[in-house]
Amino acid sequence: MDFVILGNPWHFGGDNPTSKHHVAEELAALGHRVLWINSAGMRVPQVRSAADRFRIVEKIQMAFRGLDSVRKNIWVLSPVILPLPRSRFARWLNCLIYRFTAWNGARRLMFDKPVLISFFLMVPSMLRHWPHTSIYYCVDKWEAFARYDAEIMSVMNRESCEVADIVLASSAGILEQVSVYSRNAHLVPQGVKYEHFARNLKKPESGPGGLSGPAVPEDLPAGRIVGFFGLIDERVDHELVFKVARAAGDSHVVLIGKTDIDMSWIRAEPNIHWLGPKPFEQLPEFVARFSVGLIPYVLNEQTRAINPIKLREMLAAGCPVVSTNLPESVMMAREFKQLCADERISALGVSVAENADEFVRMVKQRLDNPLTIEEKLILSRTMEGETWKSRVQGILRLIEK
């Protein structure tokens, strides 16, 4: 089966792959061919922003690459469009550009009746006129982002839901929203590359500390680690991170990932370490050495709809997780108790705090009660059935219907 996928720039997934990247990679691994089209235009670039100016130049350079083979069964095209989301003419023109790019690329690759999967809500007319199966895959509550025009995002999301043959939602909150506009909406929870994150876990007799792989990463501080990885943006509760750091004693709070905010705030606490982004291939070496993983998101309209990929990734690495009161974390905590028969691991595996004081208390409890390597293995194995491969197989079954 052949697929055309509209998603954010492919290279953004180098150190922090999104659900879009994982879906494309699993489709390719199963033998399907994928044409990935880099999509943009959800906000007007700020001329004064050096980052935005760099992205404009970068996108133009990528457009000149033409059809780029990035790995087996995956090709990338980067059309140049008008980033004017409020302009009807610009949206109409951009859809034409995306349609031409998709069909030209599919023709060159000799695709046969390609399925369109759009993670990009700005192209409802493309979904409407696609002659084969069209899928709108909604992974965020777009109108809740401060950087986007809430009115335009709401209209585009509704129209995309109304015209797509199938609508997929990454969380129960998003499913509730899209089901208002689509009779064929389905929940596809986030998955995990299980073997990737579990690879460092071994039986105790197999190596020092029961951990395989390279030595401790040189930029990881020695001692107990309270860790977070992923995009560090306005969703991360800085005050909560401070409270954890102050209560952690001789432990270290380690943050890994890109950021689009000023990070000078971490200087207030000497045991907070920002290591910057790490390649996805190396992440398991870091996560395997976390004593506890954090999901310290603020609670607002945007975060209440997200399903954090890192939750399952931390668990697959044998790392217990403490999260703020996100609906998806609450649901995962309930499911985890059903998946795990061991009472101690069930109690320590996934914990959701109702307030900051409870969050700090839960982190300290896990620092004071570290899991053995055998317990980490049990914790990790609860994620064996949560793989991206199983998610993609579910999507393929929906298409076949």
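Okay, so let's go over this structure. No experiment lies behind these values; they were computed from the predicted model shown.

Observations regarding the overall build of the chain
Item 1. Regarding its fold elements, the chain presents 15 helices and 14 strands.
Item 2. In terms of C-alpha radius of gyration, the chain reaches 21 Å, essentially the compact-globule figure of 21 Å for 401 residues.
Item 3. Taking all 401 residues of the chain together, 56% fall into the buried category.
Item 4. Taking contacts inside the chain between residues at least 6 apart in sequence as the whole, the part at least 24 apart equals 71%.
Item 5. For the chain, the computed accessible surface area is about 17800 Å², with 52% contributed by carbon and sulfur atoms.

Topic: the packing of helix 8 (residues 238-247) against helix 13 (residues 356-368)
Item 1. At a minimum axis separation of 10 Å, helix 8 and helix 13 run at an interaxial angle of 40°. One element, helix 8, and the other, helix 13, form an angle in the oblique class. Helix-helix and strand crossings are classified by hand; for helix 8 and helix 13 the assignment is right-handed. Contact residues: helix 8 offers L240, K243, V244 and A247, while helix 13 offers A356, F359, V360, V363 and K364.

Looking at the packing of aromatic side chains
The way to describe two aromatic rings as a pair is by their centre distance and the angle between their planes.
Item 1. Summed over all chains, the structure comprises 13 aromatic pairs.
Item 2. Taking the centre distance of 6.4 Å and the plane angle of 70° together, the rings of W75 and F111 count as edge-to-face. Remark: F111 occurs in the loop between helix 3 (88-108) and strand 5 (115-118) and W75 occurs in strand 4 (residues 74-77); sequence separation between them is 36 residues. Across this residue pair, the class does not change: W75 and F111 are buried.
Item 3. Plain terms: the ring middles of F228 and Y297 are 6.3 Å apart, the flat faces sit at 75° to each other, and that makes the pair edge-to-face. Taken together, the residues F228 in strand 9 (residues 225-229) and Y297 in the loop between strand 12 (292-295) and helix 10 (309-316) connect sequence positions 69 residues apart. Residue F228 shares its accessibility class with Y297, and that shared class is buried.
Item 4. Taken together, the aromatic side chains of W142, F145 and Y148 make up a single cluster linked through ring pairs.
Item 5. Cation over ring: R147 sits above Y148, and NZ or CZ is 5.9 Å from the ring centre.
Item 6. If you follow R235 out to its NZ or CZ, it ends over the ring of Y297, 5.2 Å from the centre.

Observations regarding the environment of F120
Item 1. Take F120: it is sitting in the loop between strand 5 and helix 4 (124-129).
Item 2. As a C-alpha pair, F120 and C95 span 25 residues in sequence and 11 Å in three-dimensional space.
Item 3. In this view, F120 contacts L6, S39, A40, M42, Y98 and Y136; residues no more than four positions away in its chain are not counted.

Here we look at the nonpolar core
Item 1. Counting residues in each nonpolar core, the largest one holds 66 residues, and the members touching the most others are L27, I117, Y136, Y137 and W142.
Item 2. Top contributing element to this core by residue count: helix 15 (residues 388-400), with six residues.
Item 3. Core analysis: the next-biggest nonpolar cluster, separate from the first, contains 62 residues, A198, F229, V244 and W265 among them.

Remarks on the pairing of strand 5
Item 1. Alternating positions in strand 5 separate into two faces, V115 and I117 on one and L116 and S118 on the other, with burial throughout.
Item 2. Note that strand 5 and strand 6 (residues 134-138) share three bridges and pair parallel. Residue pairing across strands places S118 opposite Y136, the latter belonging to strand 6.

Comments concerning the environment of Y297
Item 1. Given the relative accessible area of 2%, Y297 is considered buried.
Item 2. Considering only alpha carbons, one finds Y297 and D52, 245 residues apart in sequence, at a separation of 26 Å.
Item 3. If we ignore the near neighbours within four places in the chain, the residues touching Y297 are F228, R235, V236, D237, T303, I306, P308, K310, T324 and L326.
Item 4. At 2.9 Å, the side chain of Y297 and the side chain of K310 are in polar contact.

Thresholds, definitions, all that
Residues numbered from 1 in each chain as written. Predicted model: local features only at pLDDT ≥ 70, side-chain atom pairs only at ≥ 80, totals over all residues. Heavy atoms only, no water. Helix = DSSP H or I, 4+ residues; strand = E, 2+ residues; numbered from the N terminus. Rg over C-alpha atoms; globule rule 2.2 N^0.38 Å. Buried < 20%, exposed > 50% of the residue type's maximum accessible area, 1.4 Å probe, protein only. Contact = heavy atoms within 4.5 Å. Areas by Shrake-Rupley, 256 points an atom, 1.4 Å probe, with all protein chains shown as cover. Axes fitted to C-alpha atoms, helices over the stretch in contact; angles between N-to-C directions. Parallel < 35°, antiparallel > 145°, perpendicular 65-115°, else oblique. Left-handed = near helix turned anticlockwise from the far one by under 90°. Phe/Tyr/Trp six-rings, centres within 6.5 Å; stacked < 30°, edge-to-face > 60°. Lys NZ or Arg CZ within 6 Å of the ring centre and 35° of its normal. Core = buried A, V, L, I, M, F, W, Y, C linked by side-chain atoms within 4.5 Å. Pairing = 2+ DSSP bridges. Polar contact = N/O pair within 3.5 Å; in protein donor to acceptor, adjacent residues only side chain to side chain.

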